[in-house]
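Structural description and commentary
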Amino acid sequence: MQPLGYEWGALTMQHVFIIGSKGIPAQYGGYETFVDKLTANQSSNDIKYHVACAVDDPARAGEFEYNGAHCFNIVRKPVGAARAIFYDIDAFKWCLEYIENNNIEHPIVYVLACRIGPFVGSLAKSLHRMGGMLLVNPDGHEWMRAKWSAPVRKYWKASERGMVKNADLLVCDSQNIERYIHEEYADFDPQTTFIAYGADIKRSALADNDEKWTTWLAKHKLTPFGYYLVVGRFVPENNYETMLREFMASNTKRDFVLVTNVNDAFLDELESKTHYRSDPRVKFVGTVYDQELLKKIREQAYGYFHGHEVGGTNPSLLEALASTQLNLLLKVGFNQEVAEDAALYWDKGIGSLSGLIDKTDKLPVEQIAKLDAASTKRIADYYSWRYITDLYETLFLTIGGQPA
């Protein structure tokens, strides 16, 4: 793949600078997990990764190695909601200085998300003067998220435009996002490629009788395969209201387990609209940071609900497809692109999800096993971290080189 007239040539090392994540080791977040997995699964000796890591304590400024990557801590400015913007700018400037001081040829700077569009032009020009390339991951319609106020959404949209305009290549983790970029910004004739997010297809290390697992079940009065599950950010665009209302309207005897970082304001809003507290089947269980336990929770759910409708390839969807036997997804392009015929679909109309739940409760064991195998194979074939890492390494090594 050589979309921009760059060629590999006789290079000894391709330096790739990654900014926009909070850094590694990953503790939370999709971008953080991506960088962690990308570096952990590295197989090429011809790539050197440099990863920006966010810290708040100036005493922690410095550099370290992790997963073979060179990591550098950037102290975030205490400027409230805008600190992520300043963090990306400061990280980009750090990269430029490092590239210049170390005489690095043909560097690639890969920016995750579109936070710094109004400011990226001068940074991109400096990078180009050094013979480098700017890659951008546009994420997924951040400007559409309901959690942002109108002025913030306006900024996100303008920033997206600035990033698309100045990027040499946009790496889209969804074909729907890639299509949107070409349609929305046709005047820039953007160069794009598609590489999805990845997922871990290993089974949980916890046995069925592991005390950690059985204690969690007992605490929440649950039984294996006796609950439907959702894992995700507690935000309106993930359609919690629809899922709660439809679940409560169904005839299922199973529980509805919600693993999410709840906030009181949204909880109260949902209660006023759905009165979910009157249904003992609905169980908000908080967050689960133990990854082996969370994997076990997914594996032993009867089914998984996915209501995301904003974004690209969603990490929680990939993890559910890899682990949960039945997946009931909101019928939007992003989700259909990932799962294809390995999942069941619902829309936001009254009775759609509730009817699907009632049908799902009665599915024959053979059909459940068929869907389970199909979803696992879908992840193994197209979304495993090994597969995704190989695609990224091929991309970096192919487009590396100086402008022709």
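Rules behind the numbers
- Residues numbered from 1 in each chain as written.
- Predicted model: local features only at pLDDT ≥ 70, side-chain atom pairs only at ≥ 80, totals over all residues.
- Heavy atoms only, no water.
- Helix = DSSP H or I, 4+ residues; strand = E, 2+ residues; numbered from the N terminus.
- Rg over C-alpha atoms; globule rule 2.2 N^0.38 Å.
- Contact = heavy atoms within 4.5 Å.
- Areas by Shrake-Rupley, 256 points an atom, 1.4 Å probe, with all protein chains shown as cover.
- Lys, Arg positive; Asp, Glu negative; His and termini not counted.
- Charge placed at Lys NZ, Arg CZ, Asp CG, Glu CD.
- Polar contact = N/O pair within 3.5 Å; in protein donor to acceptor, adjacent residues only side chain to side chain.
- Buried < 20%, exposed > 50% of the residue type's maximum accessible area, 1.4 Å probe, protein only.
- Arc of directions from axis to C-beta.
- Core = buried A, V, L, I, M, F, W, Y, C linked by side-chain atoms within 4.5 Å.
- Pairing = 2+ DSSP bridges.
- Axes fitted to C-alpha atoms, helices over the stretch in contact; angles between N-to-C directions.
- Phe/Tyr/Trp six-rings, centres within 6.5 Å; stacked < 30°, edge-to-face > 60°.
- Lys NZ or Arg CZ within 6 Å of the ring centre and 35° of its normal.
- 1 Å grid on protein atoms, 1.4 Å probe; cavity = no way out; pocket = protein on both sides within 12 Å on 5 of 7 lines; lining within 4 Å.
- Points joined across faces, edges and corners; volume = space filled by probe spheres on them.
- pLDDT = per-residue confidence, 0-100.

Okay, the overall build of the chain next. Counting its regular elements, the chain contains 14 helices and 14 strands. The C-alpha radius of gyration of the chain comes to 22 Å, within 12% of the 22 Å expected for a compact globule of 404 residues. In terms of its C-alpha atoms, the chain occupies a principal-axis envelope of roughly 65 × 45 × 45 Å. Long-range pairs, those at least 24 residues apart, make up 71% of the contacts in the chain with a sequence separation of at least 6. Within the structure as shown, the chain displays about 17,800 Å² of accessible surface, and the carbon and sulfur contribution to it stands at 51%. For the chain, the distance from the average site of its 43 positive side-chain charges to the average site of its 52 negative ones is 4 Å.

What follows is about the environment of Glu-160. Its location among the elements puts Glu-160 in helix α4 (residues 150–166). In this structure the side chain of Glu-160 is engaged in a polar contact, spanning 2.5 Å, whose partner is the side chain of Tyr-185.

All of the buried residues along helix α5 (residues 175–184) are Ile-177, Glu-178, Tyr-180 and Ile-181. One side of α5 holds all its buried residues, which, seen down the axis, span an arc of 160 degrees. Capping of α5 at its N-terminal end is provided by Ser-174; its side-chain oxygen lies 3.1 Å from the backbone amide nitrogen of Asn-176.

The next point concerns helix α9 (residues 291–299). Counted residue by residue, α9 has 7 buried out of 9 residues, so it is predominantly covered. Within the sequence span of α9, burial applies to Leu-293, Leu-294, Lys-295, Lys-296, Ile-297, Arg-298 and Glu-299. In this structure, the buried residues of α9 make contact with α6 (211–219), β9 (227–231), β10 (255–259) and α10 (315–323). Two to three positions downstream of the cap, the backbone nitrogen of Glu-292 sits 3.1 Å from a side-chain oxygen, assigning the N-cap of α9 to Asp-290.

A separate point is the nonpolar core. In terms of nonpolar packing, the biggest core is built from 42 residues, with Phe-34, Tyr-110, Leu-135, Tyr-392 and Phe-396 touching the most fellow members. Per-element accounting of this core gives the leading share, 7 residues, to helix α14 (residues 385–399). Excluding residues within four positions of it along the chain, Phe-396 makes contact with Gln-14, Val-16, Leu-38, Ile-47, Tyr-49, Ile-108, Tyr-110 and Leu-135. Phe-92, Val-111, Ala-167 and Leu-170 belong to the second-largest nonpolar core, a separate cluster that totals 35 residues.

This next bit is on the sheet that holds strand β5 (residues 108–112). Read from one edge of the open sheet, 8 strands run β3-β4-β2-β1-β5-β6-β7-β8, paired in mixed fashion. Among the strands making up the open sheet, the edge pair consists of β3 (62–66) and β8 (192–194). Direction aside, neighbouring strands of the sheet carry axes that sit 25 degrees apart on average. Bridge analysis of strand β2 (residues 47–55) against strand β4 (residues 69–75) gives 6 bridges, and the strand direction is parallel. Within the sheet, the bridge partner assigned to Val-51 lies in β4 and is Cys-71. Strands in contact with α5 are β7 (169–172) and β8; relative to β8, the strand with the most contacts, it is inclined by about 165 degrees.

So, about the environment of Tyr-28. Of note, Tyr-28 is situated in the loop between β1 (14–19) and α1 (30–40). Tyr-28 sits in the partly exposed class, given a relative accessible area of 44%. Note: C-alpha distance between Tyr-28 and Lys-77 (49 residues apart in sequence) is 21 Å.

Time to look at the sheet that holds β10. Judged by pairing direction, the sheet is parallel, and its 6 strands sit side by side in the order β11-β10-β9-β12-β13-β14 without closing on themselves. The open sheet has two edge strands, β11 (282–286) and β14 (344–346), and neither has a second partner. Across the sheet, the mean angle from the axis of one strand to that of its neighbour is 25 degrees, orientation sign disregarded. Direction of pairing for β10 relative to β11: parallel, over a ladder of 4 bridges. For Val-259, the partnering residue across the bridge sits in β11 and is Gly-286.

Per the stated rule, a full pass over the model turns up 24 aromatic pairs. Ring plane angle 15 degrees and centroid distance 4.9 Å describe the contact between Tyr-228 and Phe-305, whose orientation is recorded as stacked. Of this pair, Tyr-228 sits in strand β9 while Phe-305 sits in strand β12 (residues 303–306), and the two are 77 residues apart along the sequence. Ring geometry for Phe-234 versus Phe-284: centroids 5.8 Å apart, planes at 80 degrees, classification edge-to-face. One end of the pair, Phe-234, is in the loop between β9 and α7 (240–249); the other, Phe-284, is in strand β11, with 50 residues separating them in the sequence. Phe-234 sits in the buried class, given a relative accessible area of 5%. In this structure Phe-284 comes out as partly exposed when scored by relative accessible area, which is 22%. Ring pairing ties together the aromatic residues Phe-34, Tyr-49, Tyr-110, Tyr-197, Trp-385, Tyr-392 and Phe-396, which thus form one cluster. Over the aromatic face of Tyr-302 sits the side chain of Arg-254, whose NZ or CZ is 3.5 Å from the ring centroid.

Time to look at the layout of surface pockets. Rolled over the atoms, a probe with the dimensions of a water molecule shows which regions are left empty. Size it by volume and the second largest pocket reaches roughly 280 Å³. What lines the second largest pocket is a set of 15 residues, and nearest its centre among them are Lys-22, Pro-25, Gln-27, Ala-54 and Arg-60. By residue number, the principal contributor to the lining of the second largest pocket is β2, which donates 3 residues.

Before going further, it helps to examine the confidence of the model for the chain. Low pLDDT means the predicted atomic positions in that stretch should not be read closely. When the pLDDT values of the chain are averaged, the result is 91; 93% of them are 70 or greater. Taken together, the stretch residues 1–10 has pLDDT below 50 and engages in 33 contacts with residues farther than four places along the chain or on a different chain.

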